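Architecture at a glance
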Amino acid sequence: MEYRRLGRTDLNVSLICLGTMTWGEQNTEADGHAQMDYALDQGVNFFDTAELYSIPPRPETQGSTERIIGSWFKARGTRDKVILATKVVGRSDSTWYRDDGSKAELSRAQIEEAVNKSLKRLQTDYIDLYQIHWPDRPMPWGSNPTIFKHQEGDSHPIAETVEIMTDLVKAGKIRHFGLSNESAWGTMTFLKHAEAKGLARAQSVQNAYNLLNRTYEVALAEVTMQENVSLLAYSPLAQGYLTGKYLDGARPPGARTTLFNRGQRYENPTAEAAIRKYIALAREFGLDPAQMALAFVNSRPFVTSNIIGATSMEQLKTDIASINVSITPELEKRINAIHVEHCNPCP
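A brief report on the enclosed structure follows. The shown structure was predicted, so the numbers you read here are calculated from the model rather than taken from an experiment.

1. Some thoughts on the pairing of strand E5 (residues 83-88)
Within a regular strand, the side chains alternate between the two sheet faces. Of all six residues that make up E5, six are buried, and the element is covered over most of its length. Burial of E5 is two-sided: the residues Ile-83, Ala-85 and Lys-87 facing one way and the residues Leu-84, Thr-86 and Val-88 facing the other way are all buried. Handedness of the strand E4 (residues 46-48)-helix H2 (residues 64-76)-E5 crossover: right-handed. As defined by bridge partners, E5 adjoins strand E6 (residues 127-132) across four bridges and the pair is classed as parallel. Across the sheet, the residue bridging to Thr-86 is Tyr-130, located in E6. Traced from E5 through helix H3 (residues 108-122) to E6, the parallel crossover comes out right-handed.

Here it is in structure tokens:
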């Protein structure tokens, strides 16, 4: 396993991060424990979760994934072997996250309530990386983010959020904080306020990054390289679409899109054409399509950790083994040719 520095911290995280959002919905507690056992044995020291999980978000299962991780820590005594990341939800009309039934927002009271509840579910005294799951300000959810449309709406100032996160660090509840689903402007604004007052710095951005969505490269990759704000790449397999299992409208039993019909981002003619070409390319080079897609993410200099998720041990073993696959100059050239032809069909 390869390890990379998280932001400007003293933490070295594994190149593969174990994503956990299916635990408590598609996976049982026993499944989650088995996955954590295997991942840790393979050198994975970085686990990512969220107060929102499991997926899809609903009140009946909210927090279930954190509870499964907490029960594993208690049973195995492994807390000191894991760099643990979780998240607080951003602004939302959902009312089941807070005890008083309020709509979610990044106020001081709500963030403090969220972190305390996560600590209890996770059965730990501290969180290594506490991430803002999505911004408090309006963002273009549900639309094409490559077509800019400014939105107005209520939000707590970023400067205020930086102060809250700094206080959590001082209290020992979190070691560092990070962002997720964030823009270049948002990331730089967090850094600006931290630098101006000597406050806690955002150490990471957890955004989607895969062969069908390389929009991170447009502006945020430079932020990563210049400012040492780590990319924690999620959806490296584009919710499984890059494996080819959904081609021609296929719906494998037990797969996420089959169960929850949440894959619309990856269902358009341009995406399907690109997926076919990437799969054919992998086979031409004698590679598993999933491992090629993951290896591409692994090979990017601005990626610190690649967040994989699996519902079966077979998938987990395949995904972690992607660290043994190299993207040769010739393969990268061919990948980039497909990218130019079908540029970011699923942003």
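2. Thoughts on the environment of Leu-40
The residue Leu-40 is located in helix H1 (residues 29-41) in this model. Overall, Leu-40 belongs to the partly exposed group, its relative accessible area being 23%. With 22 residues separating them in the primary sequence, Leu-40 and Leu-18 have C-alpha atoms 9.2 Å apart. Those residues in contact with Leu-40 that lie beyond four places of it in its chain are Trp-72, Thr-78, Lys-81 and Val-82.

3. Observations concerning helix H8 (residues 269-284)
In this model H8 runs 23 Å from its N-terminal to its C-terminal C-alpha over 16 residues, within 8% of the 22 Å that 1.5 Å per residue would give. Along H8, the residues that are buried comprise Ala-271, Ala-274, Ile-275, Tyr-278, Ile-279, Leu-281 and Ala-282. Summarising the axial view, the buried residues of H8 lie within an arc of 160°, below the 170-degree limit, and thus occupy one face. Exposed and facing more than 90 degrees away from the buried side of H8 are Pro-269, Arg-283 and Glu-284. The inward-facing, buried residues of H8 contact helix H9 (289-298) and helix H11 (329-341). For H8, the capping residue at the N-terminal end is Asn-268, with a side-chain oxygen 3.1 Å from the backbone nitrogen of Thr-270.

4. So, the packing of H2 against H3
At their nearest, the axes of H2 and H3 sit 6 Å apart, and the two run at 45° to each other. The orientation of H2 with respect to H3, classified from their angle, is oblique. Of H3, the residues touching H2 (which contributes Glu-66, Arg-67, Ile-69, Gly-70 and Phe-73) are Ser-118, Arg-121 and Leu-122.

5. Quick notes on the packing of aromatic side chains
This structure, assessed with the given rule, holds nine aromatic pairs. When the ring of Tyr-209 is compared with that of Phe-296, the centres are 6.3 Å apart and the planes differ by 20°; the resulting orientation is stacked. Remark: Phe-296 occurs in helix H9 and Tyr-209 occurs in the loop between strand E8 (202-208) and helix H6 (220-227); sequence separation between them is 87 residues. The buried category is assigned to Tyr-209, whose relative accessible area is 0%. Ring centres 5.4 Å apart and planes at 80° place the aromatic pair Tyr-209 and Phe-302 in the edge-to-face group.

6. Some thoughts on the pattern of salt bridges
Throughout the structure, instances matching the rule amount to 28 salt bridges. Of the charged contacts, one joins Arg-58 and Glu-60 as a salt bridge, the two residues approaching to 3.6 Å between their closest N and O atoms. One salt bridge in this structure joins Lys-117 and Glu-113, with 3.1 Å as the shortest N-O distance. Of the two residues, Lys-117 and Glu-113 are both situated in helix H3; the distance of four residues between them amounts to about one turn of the helix.

Each value, and the rule that gives it
Residues numbered from 1 in each chain as written. Predicted model: local features only at pLDDT ≥ 70, side-chain atom pairs only at ≥ 80, totals over all residues. Heavy atoms only, no water. Buried < 20%, exposed > 50% of the residue type's maximum accessible area, 1.4 Å probe, protein only. Helix = DSSP H or I, 4+ residues; strand = E, 2+ residues; numbered from the N terminus. Right-handed = clockwise from strand over helix to strand, strands pointing away. Pairing = 2+ DSSP bridges. Contact = heavy atoms within 4.5 Å. Expected span 1.5 Å × (residues − 1). Arc of directions from axis to C-beta. Polar contact = N/O pair within 3.5 Å; in protein donor to acceptor, adjacent residues only side chain to side chain. Axes fitted to C-alpha atoms, helices over the stretch in contact; angles between N-to-C directions. Parallel < 35°, antiparallel > 145°, perpendicular 65-115°, else oblique. Phe/Tyr/Trp six-rings, centres within 6.5 Å; stacked < 30°, edge-to-face > 60°. Salt bridge = Lys/Arg side-chain N within 4 Å of Asp/Glu carboxyl O.

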